[in-house]
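# Reading the structure
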Amino acid sequence: MIKEKDQAYIWHPFTPLVADEAALVIKKAQGLYLYTEDDRAIIDAISSWWVNLHGHSHPAIAEAIYQQAKNLEHVIFAGFTHEPAVTLAEKLLKILPSNQTKVFFSDDGSTACEVAIKMALQYWHNKGRNNKKKIIALEGSYHGDTFGAMSVGERNGFSAPFADKLFEVEFLPFPDCHEVNCCVGIQKHCSGVKFAIEKMEEMAKSGEVAAFIYEPLVQGVAGMRMYSAKILDKLLQIAQENNIICIADEVMTGFGRTGKLFASHYCEFQPDIICLSKGLTGGTMALGLTTCNEKIVQAFLSAESNKTFYHGHSFTANPLACAAALASLDLLLQRSCIDAISQIEQLHLKFEKQISTYKNIKEVRVLGTILAIELRNNEQTGYFNSIAKKAYRFFIERNILLRPLGNVIYIFPPYIIKEAELQKVYEVILEFLETEPT
């Protein structure tokens, strides 16, 4: 009955209205598993779109939400404040790069990036530098589906219907040397790196660039593409030497996903603005936030109304979401969780070696808890590669939730996954690799 009503009334994201299959009905979720109405137990190996850190229905997070709901469920955040938001801001600023000093709350990853873009552009407006309006991003980037976020993302099938409404952005070639400890990367064997650095230098010298926005070390939607921290440091150095605001979109990479608490911690040069969401609440409630350094704050530190940042959302700093985020942070910072992140990475690296000889694999990439397997076929690598549907069905029939990004199969698990459960995921991937021709 639910399936029939769902098909009648619900419009699902990233899904044709004439879908190949009806959506699976999930009646409950516990730990690593999603339970369907017919009692299948499905391993959630992608953290339900990269949000779930500690497993579903975690009792500590559920209890925090319950206790908060009995006291204060929500209040307007203009002219009012509350303890969960203040405490969350304080705790986050202690673990983020040390230059971050202020927190602006919003709703999700896309709006966190939207806030960052507007904040950077208004910074120059407030400074009277109206010539600095250009934005630089990386080819293949994805920052969300609102209009500003779409504008600074890859121009593809996602944004094609709105192409003429998106503002102009300069895209750097993707610096596709993904060894974290690689050289600066100007060597010719690192295709794209030399051109990315040269274009950044050329654009920066124009004096017209307002901001550089980037996903640090890993581009998620582009297929978990990875690049070196030293290369990113070079791009950040060029930007900062030329007074360009640097925006790190850590929506996907934050909260331990890359092995460090934030991907920016791999770099020497730190961003001016950071965008956070997804794992922020442990995957339980929608919450986004944008942090910035004192340089940004100073341009808005005025009683003049024309220098005020006029941006907000109805559920800004929702107390329930803040309570969930505080509980999730407490879990994240425990030694057991930090050790689990390290163990997942070690198991991924071991599996990478195990599959290194498969002819139908183009490349395997590992960073922290993220493992990506790029497959070969006669189609172009990308989100719309036909392998995705075939692989998704193969995995879900075997009770594993893996949602390939085109021809890139990736694992992005909650940190509670045990070795035996991860081995089960590996085994199903191996089974698919055996059936998929080169």
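In what follows, the accompanying structure is described. Note that the structure is a prediction, hence the values are computed from the model and not measured.

## Topic: unusual backbone geometry
What is expected of a backbone is that most residues other than glycine have negative phi and most peptide bonds are trans. In the Ramachandran plot, Phe14 falls in the positive-phi region, its phi being about 55° despite a non-glycine side chain. Owing to a relative accessible area of 40%, Phe14 belongs among the partly exposed residues under this scheme. Even without a glycine there, the phi angle at Phe255 is positive, about 65°. Inspection of the secondary structure puts Phe255 in the loop between β10 (245-249) and β11 (273-276).

## So, the packing of aromatic side chains
Where two aromatic rings form a pair, the distance of their centres and the angle of their planes describe that pair. Going through the model one piece at a time under the given rule, you end up with 21 aromatic pairs. Judged by centre distance (5.6 Å) and plane angle (35°), the rings of Trp50 and Phe412 are tilted. Of this pair, Trp50 sits in helix α2 (residues 47-50) while Phe412 sits in the loop between β16 (408-411) and α13 (419-435), placing them 362 residues apart in sequence. On the numbers, 6.0 Å between centres and 85° between planes, the contact of Phe158 with Phe384 is edge-to-face. Taken as a pair, Phe158 in the loop between α6 (147-151) and β6 (170-172) and Phe384 in the loop between β14 (370-375) and α12 (387-397) lie far apart in primary sequence, 226 residues in all. A connected cluster of aromatic rings, assembled from ring pairs, spans Phe14, Trp49, Tyr142, Phe158, Tyr383 and Phe384. A cation sits over an aromatic face here: Lys28 above Tyr35, 5.1 Å from the ring centre. Its guanidinium or amino end placed over the ring of Phe195, Lys194 lies 5.8 Å from that ring's centre, counting from NZ or CZ.

## What to know about the sheet that holds strand β7 (residues 209-214)
Pairing is mixed in the open sheet, where seven strands are placed in the order β4-β12-β11-β10-β7-β5-β6. Sheet topology places β4 (100-106) and β6 at the edges, where each strand pairs with a single neighbour. On average, adjacent strands in this sheet sit at an angle of 20° to one another, irrespective of strand direction. Where helix α4 (residues 83-95) meets the sheet, its contacts fall on β4 and β12 (288-293), and the angle it forms with β4 comes to roughly 135°.

## Quick notes on the packing of helix α11 (residues 335-354) against α13
At their nearest, the axes of α11 and α13 sit 11 Å apart, and the two run at 25° to each other. When the axes of α11 and α13 are compared, the pair comes out roughly parallel. The element α11 and its partner α13 pack so that their crossing is right-handed. Counted together, Gln343, Ile344, Leu347, His348, Phe351 and Gln354 of α11 and Glu419, Leu422, Gln423, Tyr426, Ile429 and Leu430 of α13 form the full contact between these two elements. A per-class count over the contact of α11 with α13 returns seven nonpolar, four polar and one charged.

## A look at the environment of Val75
In this structure, Val75 sits in the loop between α3 (59-69) and α4. Excluding anything up to four places from it in sequence, Val75 contacts Phe80, His82 and Pro319.

## Some remarks on the sheet that holds strand β3 (residues 41-44)
In spatial order, the strands read β1-β2-β3-β15; together these four strands make up an open sheet with mixed pairing. At either margin of the open sheet sits one strand with a lone partner, and together these are β1 (26-30) and β15 (400-401). Examined bridge by bridge, strand β2 (residues 33-36) and β3 share three bridges and lie antiparallel to one another. Note that in β3 the partner of Tyr35 across the bridge is Ala41.

## So, the environment of Leu17
Along the chain, the position of Leu17 falls in the loop between α1 (2-9) and β1. The exposed category is assigned to Leu17, whose relative accessible area is 60%. Considering only alpha carbons, one finds Leu17 and Val51, 34 residues apart in sequence, at a separation of 25 Å.

## Digging into the pairing of β11
On β11, burial covers both faces: Ile273 and Cys275 on one face and Ile274 and Leu276 on the other are all buried. Relative to β11, β10 is paired through three bridges, and the arrangement is parallel. Paired with Asp249 across the bridge in β11 is Cys275. Across four bridges, β11 lies against β12 in antiparallel orientation.

## Observations concerning α11
Taking 1.5 Å as the rise per residue, α11 with 20 residues should run 28 Å; its terminal C-alpha atoms sit 29 Å apart, in good agreement. Turning to α11, its buried residues number three or more, namely Cys337, Ala340, Ile341, Ile344, Leu347, His348 and Phe351. Buried residues of α11, viewed axially, fall in a sector of 130°; they line one side. Residues of α11 that are exposed and angled more than 90 degrees away from the buried face: Arg335, Lys350 and Lys353. Close packing links the buried residues of α11 with α10 (319-332), β13 (361-367), β14, β16 and α13.

What counts as what
Residues numbered from 1 in each chain as written. Predicted model: local features only at pLDDT ≥ 70, side-chain atom pairs only at ≥ 80, totals over all residues. Heavy atoms only, no water. Buried < 20%, exposed > 50% of the residue type's maximum accessible area, 1.4 Å probe, protein only. Helix = DSSP H or I, 4+ residues; strand = E, 2+ residues; numbered from the N terminus. Phe/Tyr/Trp six-rings, centres within 6.5 Å; stacked < 30°, edge-to-face > 60°. Lys NZ or Arg CZ within 6 Å of the ring centre and 35° of its normal. Pairing = 2+ DSSP bridges. Axes fitted to C-alpha atoms, helices over the stretch in contact; angles between N-to-C directions. Contact = heavy atoms within 4.5 Å. Parallel < 35°, antiparallel > 145°, perpendicular 65-115°, else oblique. Left-handed = near helix turned anticlockwise from the far one by under 90°. Nonpolar A, V, L, I, M, F, W, Y, C, P; charged D, E, K, R; others polar. Expected span 1.5 Å × (residues − 1). Arc of directions from axis to C-beta.

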